[in-house]
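Understanding the architecture of this molecule
Here's the letter readout for the chains.
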Amino acid sequence: MNKLNRHRHHRHVKRLLAVLAMAGACVIALPGQASEVAGVALDDAVAVAGQPLVLNGLGLRSKMFIKVYVVGLYLPHKETHPSDVLGMPGAKRVQLVMMRNVGSELLADNLSKALAENTSKAEMARLQPRVEQLRSLMMSLGEARKGSKILLDFQPGVGTHVTVDGQAVGNDIPGDDFYRALLRIWIGDEVASKPLRAQLLGLPPT
């Protein structure tokens with residue numbers, strides 16, 4: 001191999017190594033990927049109670065053109081049908097990121113109302129003490145401030161674990177039946193926003 005060919009060969013090898021290095025960097029970066037809506041990024045994968053979860057969908061909850069919060073739904077694996085989501089075993093997460101300051105009483109009232117609208121009267125009667133427990137947890141916040149991150153995690157064998165900006169709030173709320181009712185706030189038949197429901201289920205807008 002003459003000197004010119006050797007030079008070309010070395011230059012080709014360097015380019016190939018650079019491409020491989022970039023590819024390797026991309027592979028390493030995959031776990032940190034995030035999805036974004038309304039300028040808020042949520043991780044594509046998280047872990048709850050040691051179980052890996054994937055972001056099933058995310059969207060923006062708005063009211064009268066006012067952005068209220070971004071919400072993401074995390075599941076053990078992706079599903080598009082509400083009944084499959086509600087019947088899915090294992091850990092789950094609903095993550096809220098506040099887009100504006102909301103008084104804790106208003107937040108508690110809205111969650112309680114949406115839960116009642118998507119739950120039968122008989123089931124609501126059974127859940128009422130735990131609904132009041134959730135309401136008390138929300139009221140203890142004083143105010144959900146813009147940028148605050150609220151996690152509603154279901155931990156098998158434990159129940160609903162509420163975290164606000166990395167701090168656990170109150171006692172865990174027992175029962176997978178309660179968490180199913182909680183999920184119906186966003187993916188039930190009488191949701192406040194059908195487009196948001198579709199986004200959380202990974203479906204085209206309705």
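What counts, and where the lines are drawn
- Residues numbered from 1 in each chain as written.
- Predicted model: local features only at pLDDT ≥ 70, side-chain atom pairs only at ≥ 80, totals over all residues.
- Heavy atoms only, no water.
- Helix = DSSP H or I, 4+ residues; strand = E, 2+ residues; numbered from the N terminus.
- Buried < 20%, exposed > 50% of the residue type's maximum accessible area, 1.4 Å probe, protein only.
- Lys, Arg positive; Asp, Glu negative; His and termini not counted.
- Salt bridge = Lys/Arg side-chain N within 4 Å of Asp/Glu carboxyl O.
- Polar contact = N/O pair within 3.5 Å; in protein donor to acceptor, adjacent residues only side chain to side chain.
- Contact = heavy atoms within 4.5 Å.
- Pairing = 2+ DSSP bridges.

1. Here we look at the side chain of arginine 197
Here arginine 197 shows up in helix α6 (residues 194–200). Although buried, arginine 197 forms no salt bridge, and the nearest oppositely charged side chain, aspartate 189, lies 4.2 Å from it.

2. A closer look at the side chain of aspartate 177
Tracing the sequence through the fold places aspartate 177 in helix α5 (residues 176–187). A distance of 2.8 Å separates a polar atom in the side chain of aspartate 177 from a polar atom in the side chain of arginine 130. Among all residues touching aspartate 177, those that are not within four sequence positions of it are Glu123, Leu127 and Arg130.

3. Examining the pairing of strand β3 (residues 45–48)
Residues Val46 and Val48 line the buried face of β3, whereas the alternating positions Ala45 and Ala47 sit on a face that is not buried. Where β3 meets strand β4 (residues 51–63), four bridges bridge the pair, whose relative direction is antiparallel. Residue pairing for β4: alanine 45 is matched across the bridge by valine 54. The loop that links β3 with its antiparallel partner β4 comprises two residues; one of these, alanine 49, has a positive phi angle of about 55°.

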